[in-house]
Amino acid sequence: AKAAGKNTYQFFTTEMNQAALKRLILENQLRRVLEREELCLFYQPQIALSTGQLVGMEALLRWQHPESGLLSPSQFVAVAEEMNLIIPIGEWVLRTACYQTQAWQAAGLLPIRISINVSSRQFKPVYWLQTIKNVLQESQLAPNYLELELTESVLMEEHNDNNNSIVAVLTELRTMGVQIAIDDFGTGYSSLSYLKRLPVNTLKIDRSFIQDINSNRDDAAIITAIIALAHSLHLSVVAEGVENKEQLIFLQSRQCEIVQGYLLSKPLSQEEMTKLLQRIDQQ
Ligand code: C2E
Ligand code: CA
Ligand code: CA
Ligand code: CA
């Protein structure tokens, strides 16, 4: 390429726009992210509203980028999905979350549930069932400490041939003891029929509804309805993105079980989460 010298350079600047070039660089860096061990997980505490106790944590993916620092999923997950890299990355997330949670338990710290995010692009049901079985066995984590956060789009793919296998696979996971949560509940498709067909444990109310809880009467009504719906179906409810006391009080008044958000804690690095668990252990 160097032999072509100036001409090559001119070709790229004129024929390719900046965005495409940036994207190409990102793709090349992303392709090597696993072998270079640049991914890590942060852990955001989930707190039971009735007791104030830590009952779970959500694993949130980060990329320790060599030049740009810590990147959040919005900066690379969509690209990873398009490149099909979300399959090996998702497997890395599952493996890391299970091994870390088991390591905390083996150290004698409070055993709590870990939730991981699974995008629709990566949820190939039969492959996932086998991978989860393998990882649980290798890591020795008891299945009831693992929760999958699936979005409505995974569950609603009626056009998808996989739909029967989704029901079968989720049923088998539940039988093993793995928990299933519906993530970003209320933001996706509006049909609720899948709630009857699928063995779900938990609804997670999206942050967009929590945000304006005390100024937007529609959002308040939607949250109230989601919590009532969940309870009548014997599902538990997690509210995400809780940032202030007013939101907490509202959720408490509606008997929401579990809260997660900056008011309680930001997502913590592995070291910070270890310290938090050690502090709880000493109480
Ligand atoms: P999500 O599942 O809705 O996760 C919650 C997001 O809200 C996280 O952003 C979290 O850091 C942020 N958050 C938590 N509490 C608050 C709060 O009080 N206020 C505000 N403003 N934000 C809060 P994050 O970590 O940037 O993740 C964004 C999305 O990326 C996640 O949304 C999830 O859909 C996706 N994601 C995260 N980790 C993974 C992963 O391992 N695999 C896949 N496929 N997707 C992931
Ligand atoms: Ca202990
Ligand atoms: Ca989530
Ligand atoms: Ca959300």
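Note that the coordinates shown come from a computational prediction; the quantities given were computed from them, not determined experimentally.

Student: Help me out: how do you make sense of the coordination of the calcium ion (ligand 4) in this one?
Tutor: Each angle at a metal carrying four tetrahedral donors should ideally be 109.5 degrees, and each at a metal carrying six octahedral donors should ideally be 90 or 180 degrees. Those donors, D184 (OD), D206 (OD) and E240 (OE), are the protein atoms that reach the calcium ion (ligand 4), and they lie 2.0 to 2.3 Å from it. The two metals, the calcium ion (ligand 4) and the calcium ion (ligand 3), are separated by 5.6 Å. Of this pair, D184 sits in strand β6 (residues 179-185) while D206 sits in the loop between β7 (202-205) and α9 (207-211), and the two are 22 residues apart along the sequence. Residue D184 is classed as partly exposed on the basis of its relative accessible area, which comes to 25%. Using a relative accessible area of 13% as the deciding quantity, one classes D206 as buried.

Student: In this structure, what is going on with the pattern of salt bridges? I would like to understand it.
Tutor: Oppositely charged side chains can pair when the atoms bearing their charge come close. Tallied over the full model, the rule gives 8 salt bridges. Note that K133 and E172 form a salt bridge whose closest N and O atoms lie 2.7 Å from each other. Taken as a pair, K133 in helix α5 (residues 125-139) and E172 in helix α7 (residues 163-176) lie far apart in primary sequence, 39 residues in all. On the basis of relative accessible area, K133 is assigned to the partly exposed category, the value being 29%. When salt bridges with common partners are traced through the structure, they connect R23, E27 and E82 into a single cluster.

Student: Just checking my understanding: could you explain the coordination of the calcium ion (ligand 3) for this structure?
Tutor: Note on the calcium ion (ligand 3): its protein donors are E58 (OE), N117 (OD1), E149 (OE), D183 (OD) and D183 (OD). The metal-donor distances range over 2.1 to 3.1 Å. We note that the donor set of the calcium ion (ligand 3) lies within a single chain, spaced as E-x58-N-x31-E-x33-D. Here E149 falls in the buried class, since its relative accessible area comes to 1%.

Student: Sorry if this is basic, but what is going on with helix α11 (residues 245-253) here?
Tutor: Since the α-helix turns once every 3.6 residues, residues separated by three or four places project in the same direction. Within α11, the full set of buried residues consists of Q247, L248, F250 and L251. Down the axis, α11 shows its buried residues gathered within 165° of arc, on one side only. Along α11, the residues that are exposed and aim more than 90 degrees away from the buried face are K245 and I249. Next to the buried residues of α11 lie α9, α10 (217-232), β8 (236-239) and β9 (258-259). Put simply, N244 is the residue that caps the front of α11, since its side-chain oxygen is 3.2 Å from the backbone nitrogen of E246. Just beyond α11, the residue with positive phi is Q255, at close to 60°.

What counts and how
- Residues numbered from 1 in each chain as written.
- Chains lettered and ligands numbered in written order.
- Predicted model: local features only at pLDDT ≥ 70, side-chain atom pairs only at ≥ 80, totals over all residues.
- Heavy atoms only, no water.
- Donors = N, O, S within 2.8 Å, 3.2 Å for Na, K, Ca; no water.
- Helix = DSSP H or I, 4+ residues; strand = E, 2+ residues; numbered from the N terminus.
- Buried < 20%, exposed > 50% of the residue type's maximum accessible area, 1.4 Å probe, protein only.
- Salt bridge = Lys/Arg side-chain N within 4 Å of Asp/Glu carboxyl O.
- Arc of directions from axis to C-beta.
- Contact = heavy atoms within 4.5 Å.
- Polar contact = N/O pair within 3.5 Å; in protein donor to acceptor, adjacent residues only side chain to side chain.

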